[in-house]
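Okay, here's what each chain looks like letter by letter:
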Amino acid sequence: MSERIREKLNILADAAKYDVSCSSSGGTRKNDNKGLGDSHASGICHTYTEDGRCVSLLKILLTNHCIFDCAFCVSRKSNDIERAAFTVEEVVSLTINFYRRNFIEGLFLSSGIFKNADFTMERLLRVVKKLRLEERFNGYIHLKTIPGASEELIREAGLYADRMSINLEMPTESGLKLLAPEKNHEEVKKPLAVVQRQLIQLKDEKKLFKSTPTFVPAGQSTQMVIGATPETDKDIMHTAAAFYKDFSLKRVYYSGYIPISNDNRLPVLGSQPPLIRENRLYQTDWLMRFYGFHVNELLNEANPHLDIDIDPKLSWALRNLQYFPVDINVAAYKMILRIPGIGVSSAKKIVQARKFGKLRIDQLKKIGVAYNRAKHFITCADTPYQLKDYQGTQIKTFILAESQSKYLKHDVQQLILF
Ligand code: SF4
């Protein structure tokens, strides 16, 4: 690899690390020349395919030049940073070389915007087309759509990419206006709508014609930056719910803002990225997608923010004690899913197992129920005594005390071992 390509790779892989919409990037671990290998926070990231496989991707920008000046973005035009741009051929050759050497299983390609949206999108399209048609590349490709790019280019790109995504950036239009006055959510919705329409159309055609081409088989996703603007968790999750519904998204990613510039519209440099908040938002997202919760149940006027010290499912249960205790042996599957300490897989097993007799505590534990948490919300065949009439705050204290003592026990074990 030439020195210049290596330089570009350093700049453009580093600039891409702020985009979390392909799941994960690694940490940095330096080799002191006595060990084996080292790792960088940028360059290779991981994502999950439809069948659950974890694949490693070369994660880069085509360029970090940009005509826009979004205050939250490291590539904004007013930021005094080193700039670089790959040619189409360079991205293709890097991908193929890394793929052949088994370093990666695919490519995550995004870009700053040079000249205009179509000029940039057209280059991204040339990369994926060349990879698929000339190099016969069958690895995974996640392609970022450029806001404002024309419908034809987006539709054509979808024929070669596995997943496409476009960042919403700020959860609300007003938040976006504050930090990126040149952008708006409509520009994001249009490409999402194009992809969705095409997905529906080709799905129908596939029923009639076997030769219908594949189009974005891994679906589309978006990302929101959290904590840069003053939206509540309620605002954020309502936006996510609307986008899941309107554009059949596979995923919404929540990226805690990492302060990168001195700008009085943004959190001050040195403030901590909101990592726990980010985690709670992912848990809420999960509850909406797999547990049948509506966003209004978890976040509303009375509770516009998620609890930081407990997860959103427990928080909901403590605010809705009128639904509990739930009798495990007769309750509907949907209600069992709402019990803290019971996940999707345990709920399914409970419904299966109770066909053969009433379930007891030891069976629930074997099934995988986190009984110490669930016991405050359930009855089963051998519930020891009438469940006490505790208040939500008391139950929360018991659960927090128990989970803390669990970690304390682990600490003690570590001390004995070493
Ligand atoms: S358009 Fe994209 S790359 Fe350019 S400054 Fe805004 S967020 Fe950054």
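Everything numeric here is computed off the predicted structure, so don't read it as measured data.

(A) Here's a closer look at the overall build of the protein chain. Along its length, the protein chain carries 15 helices and 10 strands. Across the 418 residues of the protein chain, 47% fall into the buried class. Residue pairs at least 24 apart in sequence account for 63% of intrachain contacts in the protein chain once pairs closer than 6 positions are excluded. Surface summary for the protein chain: the accessible area is close to 21,700 Å², and the carbon and sulfur share equals 53%.

(B) Region of the structure containing the site of the ligand. Every residue lining the ligand is accounted for by Cys-66, Phe-68, Cys-70, Phe-72, Cys-73, Arg-76, Gly-112, Ile-113, Glu-169 and Lys-183. When the residues that make up the shell around the ligand are grouped by side-chain class, the tally is six nonpolar, one polar and three charged.

(C) Seen up close, the nonpolar core. Of all hydrophobic cores here, the largest spans 54 residues; its most connected members are Met-237, Tyr-254, Ile-328, Ile-339, Ile-342, Ile-350 and Phe-377. At six residues, helix H7 (residues 233-247) tops the list of elements feeding residues into this core. Discounting chain neighbours no more than four positions away, the residues touching Met-237 are Tyr-254, Leu-281, Thr-284, Asp-285, Met-288, Val-295 and Leu-299. Among the nonpolar cores identified, the runner-up in size contains 48 residues, and Ala-117, Phe-137, Ala-161 and Val-216 belong to it.

(D) Focus on unusual backbone geometry. Of note, the bond from Phe-324 into Pro-325 is cis; its omega dihedral lies within 30 degrees of zero at 0°. One non-glycine residue, Ser-248, lies in positive phi territory at about 45°. As for its placement among the helices and strands, Ser-248 is situated in the loop between H7 and strand S8 (251-256). Ser-248 gets classed as partly exposed once you look at its relative accessible area, which sits at 46%.

(E) A look at the confidence of the model for the protein chain. Across the protein chain, the average pLDDT comes to 89, with 89% of residues at 70 or higher. Taking the mean pLDDT of every element in the protein chain, the minimum, 50, falls on strand S1 (residues 24-25) and the maximum, 98, on helix H11 (residues 333-336). Between residues 411-418, whose pLDDT stays under 50, and residues either more than four places distant or in other chains, the model counts zero contacts.

(F) Structural detail: the environment of Thr-232. Considering the arrangement of structural elements, one finds Thr-232 in the loop between strand S7 (220-226) and H7. Relative accessible area serves as the criterion here: at 18%, Thr-232 is assigned to the buried category. C-alpha of Thr-232 to C-alpha of Leu-299: the two residues are 67 residues apart in sequence and 9.4 Å apart in space.

(G) Examining the pairing of strand S3 (residues 54-61) more closely. Most of S3 sits inside the fold, with seven of its eight residues counted as buried. Note: S3 against strand S4 (residues 106-110), five bridges, orientation parallel. The residue of S4 that forms the bridge with Lys-59 is Phe-108. Between the parallel pair S3 and S4, the chain is carried across by helix H2 (residues 88-100), and the sense of this crossover is right-handed.

(H) Structural view of the packing of helix H6 (residues 185-208) against H7. At a minimum axis separation of 10 Å, H6 and H7 run at an interaxial angle of 35°. Along the contact surface, H6 presents Lys-189, Leu-192, Ala-193 and Gln-196, while H7 presents Phe-243, Asp-246 and Phe-247. Its residues assigned to classes, the contact of H6 with H7 comprises four nonpolar, one polar and two charged.

(I) Looking closely at the pairing of S4. Across the five residues that make up S4, a large majority, five, are buried. Here S4 shows a buried face lined by Gly-106, Phe-108 and Ser-110 and a second buried face lined by Leu-107 and Leu-109. Alignment of S4 against strand S5 (residues 140-144), held across four bridges, turns out to be parallel. Each residue of the ladder has a partner; that of Leu-107, found in S5, is Ile-141. This β-α-β element, S4 to helix H3 (residues 117-134) to S5, shows right-handed connectivity.

(J) Structural context of the pattern of salt bridges. All told, the structure shown has 21 salt bridges when counted by the stated rule. Residue Arg-197 is joined to Glu-151 by a salt bridge in which the shortest nitrogen-to-oxygen separation is 3.4 Å. Taken together, the residues span a long stretch of sequence, with Arg-197 in helix H6 and Glu-151 in helix H4 (residues 151-157) at a distance of 46 residues. Notably, a salt bridge pairs Asp-263 with Arg-265, separated by 2.8 Å at the nearest N-O pair. Classification of Arg-265 as partly exposed rests on a relative accessible area of 33%.

(K) Here's a closer look at the packing of aromatic side chains. Scanning all chains against the criterion turns up 11 aromatic pairs. Ring geometry for Tyr-254 and Tyr-282: centres 5.1 Å apart, planes at 80°, overall edge-to-face. Separated by 28 residues along the polypeptide, Tyr-254 in strand S8 and Tyr-282 in helix H8 (residues 275-290) bring together distant segments of the chain. Taking relative accessible area as the criterion, Tyr-254 reaches 0% and is therefore assigned buried. Ring geometry for Phe-324 against Phe-377: centres 5.2 Å apart, planes inclined by 70°, an arrangement best described as edge-to-face. Of this pair, Phe-324 sits in the loop between helix H10 (312-319) and strand S9 (326-327) while Phe-377 is found in the loop between helix H14 (371-374) and strand S10 (378-379), placing the two residues 53 residues apart along the sequence. When its relative accessible area of 10% is taken as the criterion, Phe-324 is described as buried. Residue Phe-377 is classed as buried on the basis of its relative accessible area of 0%. Among the aromatic residues, those joined into a cluster by ring pairs are Phe-293, Trp-316, Tyr-323, Phe-324 and Phe-377. Across the ring face of Phe-108, the terminal group of Lys-59 is positioned such that the distance to the ring centre comes to 5.5 Å.

(L) Representation of the side chain of Arg-277. Mapped onto the elements, Arg-277 comes out in helix H8. Not counting chain neighbours up to four residues away, the residues in contact with Arg-277 comprise Ile-226, Gly-227, Glu-231, Thr-232, Asp-233, Ile-236, His-305 and Ile-308.

The rules behind each value
Residues numbered from 1 in each chain as written. Predicted model: local features only at pLDDT ≥ 70, side-chain atom pairs only at ≥ 80, totals over all residues. Heavy atoms only, no water. Helix = DSSP H or I, 4+ residues; strand = E, 2+ residues; numbered from the N terminus. Buried < 20%, exposed > 50% of the residue type's maximum accessible area, 1.4 Å probe, protein only. Contact = heavy atoms within 4.5 Å. Areas by Shrake-Rupley, 256 points an atom, 1.4 Å probe, with all protein chains shown as cover. Near = heavy atom within 4 Å. Nonpolar A, V, L, I, M, F, W, Y, C, P; charged D, E, K, R; others polar. Core = buried A, V, L, I, M, F, W, Y, C linked by side-chain atoms within 4.5 Å. pLDDT = per-residue confidence, 0-100. Pairing = 2+ DSSP bridges. Right-handed = clockwise from strand over helix to strand, strands pointing away. Axes fitted to C-alpha atoms, helices over the stretch in contact; angles between N-to-C directions. Salt bridge = Lys/Arg side-chain N within 4 Å of Asp/Glu carboxyl O. Phe/Tyr/Trp six-rings, centres within 6.5 Å; stacked < 30°, edge-to-face > 60°. Lys NZ or Arg CZ within 6 Å of the ring centre and 35° of its normal.

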